[in-house]
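# A closer look at the structure
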Amino acid sequence: MGVRIPPPVQIQKIMAKVFNYISDAFTELKSNVTWTPWAEVQRYTIIVAIFTIVFSLATWGVDTVFAKAIAGFFNILNS
């Protein structure tokens with residue numbers, strides 16, 4: 001009982017299928033996909049970056065408020 005190694009012909013067929021798939025995918029991307037204009041992509045990227053910063057600051061603020069509220073609550077309980 002040993003390890004069965006597929007014949008080279010089968011490997012070549014599999015590699016040909018993989019190559020054809022990748023080639024067809026690139027052809028599809030070039031000819032059938034409508035790409036967003038670069039200026040619009042840049043504008044949306046800036047909007048997403050600003051929203052991410054604002055949202056993270058809001059999350060930090062809410063977390064800080066709740067942390068202080070919980071700490072105050074436990075200080076009242078320990079008093």
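Refer to the structure presented above.
Quick summary incoming for the structure in this document. (Residues numbered from 1 in each chain as written. Predicted model: local features only at pLDDT ≥ 70, side-chain atom pairs only at ≥ 80, totals over all residues. Heavy atoms only, no water.)

### Topic: the overall build of the chain
Looking only at helices and strands, the chain has two helices and zero strands in total. Accessible surface, the chain as shown: approximately 7800 Å² in total, 72% of it carbon and sulfur. (Helix = DSSP H or I, 4+ residues; strand = E, 2+ residues; numbered from the N terminus. Areas by Shrake-Rupley, 256 points an atom, 1.4 Å probe, with all protein chains shown as cover.)

### What to know about the packing of aromatic side chains
Scanning the entire structure with this criterion turns up two aromatic pairs. On the basis of an interplanar angle of 20 degrees and a centroid distance of 5.9 Å, the ring pair of Phe-51 and Phe-55 is categorised as stacked. A residue pair is termed a helical-turn pair when its members lie 3 or 4 positions apart in one helix, as Phe-51 and Phe-55 do in helix 2 (residues 38-78) at four residues. Judged by its relative accessible area of 53%, Phe-55 is exposed. Here the guanidinium or amino end of Arg-43 rests over the ring plane of Tyr-44, the centre of that ring lying 5.0 Å away. (Phe/Tyr/Trp six-rings, centres within 6.5 Å; stacked < 30°, edge-to-face > 60°. Buried < 20%, exposed > 50% of the residue type's maximum accessible area, 1.4 Å probe, protein only. Lys NZ or Arg CZ within 6 Å of the ring centre and 35° of its normal.)

### Describing a nonpolar patch on the surface
On the surface, Ile-14, Val-18, Tyr-21, Ile-22, Phe-26, Leu-29, Val-33 and Trp-35 cluster together into a nonpolar patch covering about 840 Å² of accessible area. Position of Val-33 among the secondary structure elements: in the loop between helix 1 (8-31) and helix 2. Given the relative accessible area of 31%, Val-33 is considered partly exposed. (Patch = residues over 30% accessible without salt bridge, like charges linked within 9 Å, V, L, I, M, F, W, Y side chains within 5 Å. Salt bridge = Lys/Arg side-chain N within 4 Å of Asp/Glu carboxyl O.)

Coordinates in, geometry out; function isn't part of it.
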